[in-house]
Amino acid sequence: MKRVDWKTLDDAARAACLARPGGGEQADVEAAVRRIFEQVRADGDSALRALTRRFDGVELGAFEVTADEFASAEQSVTPALRAAMVEARGRLLAWHRAGMAAPFEIETAPGVSCGRMLRPIRRVGLYVPAGSAPLPSTALMLGVPAELAGCDEVVLCTPPRADGSADPAVLVAARLCGITRVFKLGGAQAIAALAVGTASVPRCDKLFGPGNRYVTTAKQFAAMMAGGPAIDMPAGPSEVLVIADAGAPPVHVAADLLSQAEHGPDSQVVLATDSPALADAVAAEVARQVAELPREAIATAALEHARLIVVGQLEDAFALSNDYAPEHLILAVREPRRWLEAVRSAGSVFLGDFAPEGLGDYCSGTNHVLPTNGAARAWSGVSVQSFQKAISFQEVSRAGLAAIGPCAVEMARAEGLEAHAQSVLRRLEGAA
């Protein structure tokens, strides 16, 4: 991990210190994604077969998971794993239910009633990564709020394994959420299929899910298409920022950093601390722990662009965190709740020494599909509202029109929109 003394850096150096990895390759990624979309739009399923053969090394006749494959998945997943997924789903349901938006209606003036109704998005497409490791937890994180929202149709794509099958745990997780349409498609080609539709894959109204730079770029490209789908958020390579004081256990902090580093070589992990001694201890502990990991090579590659930042005081750590806007923010500080008010931009926050980020990834109840790459400055994590539309309505009586009509006429004429004014005036004349 590169060690940095924050107070010695000017603004440019600080921005460079917090830069995400891989930024210089974005033009190449965008060009590749554009080509994939053009192929899928032109050749549909044929293009998907060719791209799956090229990127996944698998020849597929059909993409959709069959009933027999679902049944086989149920048999191959261990009872312990299935029970864990059921347990995690229960907490996800409880948390998401508690945060659901509610319809409302109020009288804004006598005879004028205004409200909001909630409607589910008709057809949504979920992407569950399975590149270096399958993520059945993501199927739960996306499937549970979609289920609560009541979407008419939920379609899920996940990359095929070497034998052409979908990961069994992903299928079981999908089924736990009532999802029956799963396609063995990965990468940007899966996003393209969900965005434009093919003979096999239905076109979706909104796309969800994390992924690598290609998947994230594909989602953003899809959202820019004329008539294209909406997306949940930019959710690319994973990242964590840990703010720690002198009392934080170095073994815990190192484990938290490595839990994100093992996601992929383009993941980023950052430690900000006001204790030089803790920084030294964490660096040593990271070096010790990484050697014990099955995914040591991946974590080691991610550590090449990791940062260990020493600040003058904790307030500086929170300031840089709000600028960085991490996907995951861990507050390994004494009295963490006292510092929560200082957090302005983060995907999800973990308070104290006993709240590892791994709990949020799996089973605490919060959602792990979160904005990355600084998008947490303006975006929120996935929720039930992500799968819904809020539609406003108003009902106006004759008395209500008389009460507020002149206000509308005055404002319409100030904007030079006489037809707007007349739409009110003609009714006012009739109401007289």
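Overview of the structure.

### Thoughts on the sheet that holds strand β4 (residues 123–127)
Point 1. With respect to topology, 5 strands assemble into an open sheet ordered β6-β5-β4-β7-β8, the strand pairing being parallel. Every interior strand has two partners, whereas the edge strands, β6 (181–184) and β8 (230–231), have only one.
Point 2. Bridge count between strand β7 (residues 206–208) and β8: 2 bridges; the pairing is parallel. In the strand pairing of β8, leucine 207 is matched with isoleucine 231.
Point 3. Across the sheet, helix α5 (residues 136–149) is in contact with β4, β5 (153–158) and β7; its angle to β4 comes to roughly 165°.
Point 4. Across the sheet, helix α7 (residues 187–196) touches β4, β5 and β7, and the angle it forms with β4 is around 180°.

### With respect to the nonpolar core
Point 1. By size, the foremost hydrophobic cluster in this structure holds 41 residues, and its most contacted members are Val124, Leu126, Leu156, Ile179, Val182 and Phe387.
Point 2. In terms of residue count, α5 provides more of this core than any other element does, 8 residues in total.
Point 3. Setting aside anything within four residues of it in sequence, one finds phenylalanine 387 in contact with Pro120, Ile121, Val124, Leu126, Leu142, Pro145, Ala146, Ala149, Cys151, Phe208 and Val382.
Point 4. Val33, Val155, Cys157 and Cys204 belong to the second-largest nonpolar core, a separate cluster that totals 32 residues.

### Some details on the sheet that holds strand β11 (residues 307–310)
Point 1. Here we have 6 strands laid out as an open sheet, ordered β1-β11-β10-β9-β12-β13, and parallel in their pairing. Only two strands of the sheet have a single partner each, and these edge strands are β1 (2–5) and β13 (348–351). For this sheet, the mean inter-axis angle between neighbouring strands, taken without regard to orientation, is 15°.
Point 2. Where helix α9 (residues 250–261) meets the sheet, its contacts fall on β9 (239–244), β10 (268–273) and β12 (328–332), and the angle it forms with β9 comes to roughly 170°.

### Examining the pairing of β11
Point 1. Every second residue of β11 is oriented toward a common face, with Arg307 and Ile309 on one face and Leu308 and Val310 on the other, all of them buried.
Point 2. Sheet topology note: the β1/β11 ladder contains 4 bridges and is parallel. Among the inter-strand pairings, valine 4 is bridged to a residue of β11, identified as isoleucine 309.
Point 3. Taken together, the 4 bridges between β10 and β11 define a ladder with parallel strand orientation. Residue alanine 272 lies in a different strand from β11, and its bridge partner there is isoleucine 309.

### Some words on the pairing of β6
Point 1. For β5 and β6, the ladder comprises 4 bridges, and the chain directions are parallel. In the strand pairing of β6, cysteine 157 is matched with phenylalanine 183.
Point 2. Where the polypeptide runs from β5 across helix α6 (residues 168–176) and back to β6, its parallel neighbour, the crossover connection is right-handed.

The rules behind the values
Here the residue numbering is sequential within each chain, running from 1 through the sequence in written order. Where totals are concerned, whole chains, interfaces and linings use all residues; where local detail is concerned, this predicted model gives features only for residues with pLDDT of at least 70, and gives and counts side-chain atom pairs only at 80 or more. Where side-chain values are given, they derive from all heavy atoms of the structure, hydrogens and water being excluded. When DSSP locates at least two bridges between a pair of strands, those strands are taken to pair. Going along the chain from the N terminus, every DSSP run of H or I of four or more residues is numbered as a helix, and every run of E of two or more is numbered as a strand. Here, two residues are considered to be in contact whenever any of their heavy atoms come within 4.5 Å of each other. Lines fitted to C-alpha atoms define the axes here, with helix axes fitted over just the stretch in contact, and angles between the N-to-C directions of these axes take values from 0 to 180 degrees. We define the nonpolar core as a collection of buried residues of types Ala, Val, Leu, Ile, Met, Phe, Trp, Tyr and Cys that are connected through side-chain atoms lying within 4.5 Å of one another. Residue burial is assigned from relative accessible area. The probe radius is 1.4 Å, only protein chains are included, and a residue is buried under 20% of its type maximum, exposed over 50%, and partly exposed in between. Crossovers are described as right-handed under a simple rule: with the strands pointing away from the observer, the path leading from the first strand over the helix to the second runs clockwise.

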